[in-house]
Amino acid sequence: MSDREEDDVITKLVVISSDSVLPIDAAMKIYESETSIVIKETCFGTMVTGPREAVNRVVKEVVDLDKNHIFVKERGFPPGDERRCRASRGGGPRPGFHYLREEVQMLPTIGKALDDYEKKIPLKETGKKKKLEVKQLEDIIESVL
Amino acid sequence: MVKVIIYPTNSLILSDLVERFGHTPIAMMEKIKEKISTVSVDSPPLNITAEEPKTGLKYAAVEVPAGVRGRMAIVGPMIDEAEAAIIVNESPMSFGCMGCARTNELTKFLIRERDIPILEVDYPTGDDEAREFVYEIGEFLKSLPGGKKEGEQ
């Protein structure tokens, strides 16, 4: 492989937050694609590594399975990289996992919101929570004293 | 299609939304990938060399801790490259996992200093807020040149 092609190898995280698609469905879709890419199934979805063009094509196919509930981002390190992989670091969550887990908890609501946005459901008026003004706090204190 | 810098710089949700609406996200992950796949630089764990704090000097003063300058060596060029920006405030993940609160402050400050379209939203905590969050980001991204229009795949 030439240097140029080597440079163009990317890894994408496919995070599945769907009621109808499971990580194994996504993996099967990728196996079917017959492209020379590496995939790794994880608890949140899959990681896909390979030439940029092939990865983008395959990831698009997977996202099309349930496009508002499957989320994708690029990942810096390839799967199994010694600097990140738990196997070589003696266990524990890999760096970045806590961040991902926090966002994964938010994905069902984001997916629902994307569905609504697509159906052009108008926004409900919601009262914005504001921080307590100093004056109000003073009034509360004085009323209690 | 424009290059949109996202803050938090490694957010899955923001990176996905920007790409979904037809733009290019400028995110930390791609920059890290460039760093770790550069053949000449290979010093685990993160390939930060003596050059990074020097590059960071363009964005942060010399008395600023080296960690901030090292981070700005990656984030700074991302800000320079950006043609639009989405900033999510009050996100719980930007405390802790994002590493350095001062770098985050500086990043947001430098983005706001640039004369580019910027959207600032608060991190959603419930269904209604999430809907508002997605709608605002969707409308903002559609308003940028080259964004996906209604019904476009």
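As shown above, the structure is provided for reference.
Read on for a plain summary of the structure. What you see is a predicted model, and the numbers here were worked out from it, not measured in a lab.

1. Regarding the overall build of chain A
Scanning chain A from N- to C-terminus turns up six helices and four strands. Going from N to C terminus, chain A has its helices and strands arranged as α-β-α-β-β-α-β-α-α-α. Taking 15 Å as the expected radius of gyration for a compact globule of 145 residues, we find that chain A reaches 22 Å, considerably beyond that expectation. Along the longest, intermediate and shortest principal axes, the C-alpha atoms of chain A span 75 × 45 × 30 Å.

2. What about the interface of chain B and chain A?
Each side of the interface is counted separately: chain B has 28 residues, and chain A has 27 residues. Elements represented by at least two residues in the side of chain B that touches chain A include exactly α1 (12-20), α2 (28-36) and α6 (127-143) of chain B. Among the elements that line the side of chain B that touches chain A, the one with the most residues is α6(B), at ten residues.

3. Notes on the packing of helix α5 (residues 97-118) of chain A against α6(B)
It is at 8 Å that the axes of α5(A) and α6(B) come closest, and there the two elements cross at 55°. Considering their axes alone, α5(A) and α6(B) lie oblique with respect to each other. Like other packed secondary-structure pairs, α5(A) and α6(B) cross with a definite hand, here right-handed. Contact with α5(A), carried on its side by Thr109(A), Ile110(A), Lys112(A), Ala113(A), Leu114(A), Asp116(A) and Tyr117(A), involves Asp127(B), Ala130(B), Arg131(B), Phe133(B), Val134(B), Tyr135(B) and Gly138(B) of α6(B) and no other residues of that element. The residue inventory of the contact of α5(A) with α6(B), partitioned by class, reads eight nonpolar, two polar and four charged.

4. Quick word on the pairing of strand β1 (residues 3-7) of chain B
Successive residues of a regular strand alternate their side chains across the two faces of the sheet. Residues and elements named next belong to chain B. Taken across its five residues, β1 has four buried, putting it largely inside the fold. Strand direction decides the pairing type here: β1 and strand β2 (residues 24-26), joined by three bridges, are parallel. Each residue of the ladder has a partner; that of valine 4, found in β2, is proline 25. Read as a crossover between parallel neighbours, the route from β1 over α1 to β2 is right-handed. Alignment of β1 against strand β3 (residues 84-89), held across four bridges, turns out to be parallel. Bridging across to β3, tyrosine 7 finds its partner in isoleucine 87.

5. Things to note about the environment of Arg75(A)
Take Arg75(A): it is sitting in strand β4 (residues 70-75). As a C-alpha pair, Arg75(A) and Val48(A) span 27 residues in sequence and 9.5 Å in three-dimensional space. Those residues in contact with Arg75(A), other than ones at most four positions away along the chain, are Thr11(A), Lys12(A), Leu13(A), Met47(A) and Met29(B).

6. A word on the sheet that holds strand β3 (residues 45-51) of chain A
One open sheet holds the four strands; their spatial order is β2-β3-β1-β4 (chain A), and the pairing between them is antiparallel. Lying at the two open borders of the sheet, with one neighbouring strand each, are β2 (38-41) and β4 of chain A. Taking each pair of neighbouring strands and ignoring which way they run, the sheet shows an average axis angle of 20°. Here four bridges tie β2(A) to β3(A), and the two strands are oriented antiparallel to one another. In the sheet register, Ile39(A) faces β3(A), and the bridge partner there is Val48(A). Contacts from helix α2 (residues 23-32) of chain A reach β1 (9-16), β2 and β3 of chain A within the one sheet, and its direction differs from that of β3(A) by about 20°. In this fold α1(B) packs onto β1 and β4 of chain A, with an angle of close to 105° to the strand it touches most, β4(A).

About the cut-offs
Residues numbered from 1 in each chain as written. Chains lettered and ligands numbered in written order. Predicted model: local features only at pLDDT ≥ 70, side-chain atom pairs only at ≥ 80, totals over all residues. Helix = DSSP H or I, 4+ residues; strand = E, 2+ residues; numbered from the N terminus. Rg over C-alpha atoms; globule rule 2.2 N^0.38 Å. Contact = placed C-beta atoms within 7 Å. Axes fitted to C-alpha atoms, helices over the stretch in contact; angles between N-to-C directions. Parallel < 35°, antiparallel > 145°, perpendicular 65-115°, else oblique. Left-handed = near helix turned anticlockwise from the far one by under 90°. Nonpolar A, V, L, I, M, F, W, Y, C, P; charged D, E, K, R; others polar. Buried ≥ 20, exposed ≤ 12 C-beta atoms within 10 Å, placed from the backbone. Pairing = 2+ DSSP bridges. Right-handed = clockwise from strand over helix to strand, strands pointing away.

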